[in-house]
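This is what each chain is made of:
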Amino acid sequence: MNLANEPVVAPPRIDVVGLFPELVLQSAAVGVVGRALRRGLLQVEGWQLRDFAEEPHRSVDDRPYGGGPGMVMLVDPLRRCLQAVREADPRPPRVLLMSPQGAPLTQARIRGWARLPRLVLVCGRYEGVDERFVAHCVDEQVSLGDYVLSGGELAAAVIVDALGRVLDGALGDPRSAVQDSFEDGLLDCPHYTRPECHELGVVPEVLRSGDHAAIARWRRQQALGRTWRWRPDLLQRRVLSDEDRRLLEEYRKRHAAAEPPGTD
Ligand code: SAM
């Protein structure tokens, strides 16, 4: 209880498990997420896997059964570490493994995790993690994309960053996150600031008009148009309203008239 006799609610907590958790803590210490940490909106803790390895060598990896190159991360240091992580806070965590084999990271997944009290991000190295740990101790696997990193720490840093900025109170104006790319399944519209006229171009007139309805329409049209040009896959999955279809049609006509075919 605090002075106002309200129950004190612990902030969401992210525990990062791996060989280089400091990488994630360093990236979380700056900018919007660093401010969220300092304000107590989020707690991020790093766990050094070697602290849970057997002495005297503190090994966390061994050769793969079946032969072949590379090393595989041992089950037991990971399990012991995960047990310690669970015991550090009474709230049950969701355990995510960073893996190129996971489902791709999306803004929708970030929003879902941001509603949970606790996450554990497990970062692999070498050839990856013994499959028995994956099968029994991991709730979800997450991939940054179809390429292979040397370790999961950068993926974990990306999750902490993307999640930290959508927490209530993290951004100066919460509306900025709502209009971001992917929030509404579309790319964001273009943005301009001063000066109004520059040798590289002039700010579109509508943005200087003060007509809020026209500005909202222009932004919506740009978001639809950019998504159509650069991420048509996002549009295939959604049903557009009549107004959106009209705005997009207008954009496409203008775009087709402005650029010769094949420039996209
Ligand atoms: N042999 C594994 C495979 O092909 O699936 C790749 C292992 S990778 C060299 C080492 C670690 O980096 C992985 O265990 C994972 O934690 C992390 N990693 C690599 N690529 C990743 C990606 N695209 N997204 C998320 N984590 C990744």
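A quick note: this is a predicted structure, and the numbers were derived from the prediction, not measured.

(A) Structural view of the pattern of salt bridges. Tallied over the entire structure, the rule returns 23 salt bridges. Linking arginine 220 and aspartate 244 is a salt bridge whose minimum nitrogen-to-oxygen distance equals 2.7 Å. Remark: aspartate 244 occurs in helix H10 (residues 242–258) and arginine 220 occurs in helix H8 (residues 212–230); sequence separation between them is 24 residues. For arginine 220, a relative accessible area of 24% translates into the label partly exposed. Residue classification places aspartate 244 among the buried residues on the basis of a relative accessible area of 7%. One salt bridge connects glutamate 250 with arginine 254, and the closest N-O pair in it is separated by 3.5 Å. Residue glutamate 250 and its partner arginine 254 are located together in helix H10, separated by four residues, close to a single helical turn. Through salt bridges with shared partners, a single network forms among Arg13, Asp15, Asp89, Arg91 and Arg118.

(B) How the structure looks around the pairing of strand E1 (residues 13–18). Within E1, six of the six residues are buried, which leaves it mostly tucked inside the rest of the structure. Burial along E1 is two-sided: Arg13, Asp15 and Val17 and Ile14, Val16 and Gly18, pointing in opposite directions, are all buried. Here E1 pairs with strand E2 (residues 43–48) via six bridges, running parallel. Paired with isoleucine 14 across the two strands is valine 44, which belongs to E2. Sheet topology note: the E1/strand E6 (residues 118–122) ladder contains five bridges and is parallel. Bridge pairing in E6 places arginine 13 opposite arginine 118.

(C) A look at the site of the ligand. The immediate surroundings of the ligand are formed by 20 residues, with Met98, Gln101, Gly124, Tyr147 and Leu149 found nearest. One of the backbone nitrogen or oxygen atoms of glycine 124 is found 2.9 Å away from an oxygen atom of the ligand. Leucine 149 is positioned such that a nitrogen or oxygen atom in its backbone is 2.9 Å from a nitrogen atom of the ligand. Expressed as a share of its isolated accessible area of 580 Å², the protein-covered part of the ligand is 85%. With respect to the detected pockets, the ligand is housed in the largest pocket. Among the secondary structure elements, those contributing two or more residues to the shell around the ligand are strand E5 (94–104) and strand E7 (140–143). Take the shell around the ligand: its biggest share by element is four residues, from E5. Along the lines of polarity and charge, the residues of the shell around the ligand split into nine nonpolar, nine polar and two charged.

Analysis parameters
Residues numbered from 1 in each chain as written. Predicted model: local features only at pLDDT ≥ 70, side-chain atom pairs only at ≥ 80, totals over all residues. Heavy atoms only, no water. Salt bridge = Lys/Arg side-chain N within 4 Å of Asp/Glu carboxyl O. Helix = DSSP H or I, 4+ residues; strand = E, 2+ residues; numbered from the N terminus. Buried < 20%, exposed > 50% of the residue type's maximum accessible area, 1.4 Å probe, protein only. Pairing = 2+ DSSP bridges. Near = heavy atom within 4 Å. Polar contact = N/O pair within 3.5 Å; in protein donor to acceptor, adjacent residues only side chain to side chain. Areas by Shrake-Rupley, 256 points an atom, 1.4 Å probe, with all protein chains shown as cover. 1 Å grid on protein atoms, 1.4 Å probe; cavity = no way out; pocket = protein on both sides within 12 Å on 5 of 7 lines; lining within 4 Å. Sits in = over half its atoms within 2 Å of the grid points. Nonpolar A, V, L, I, M, F, W, Y, C, P; charged D, E, K, R; others polar.

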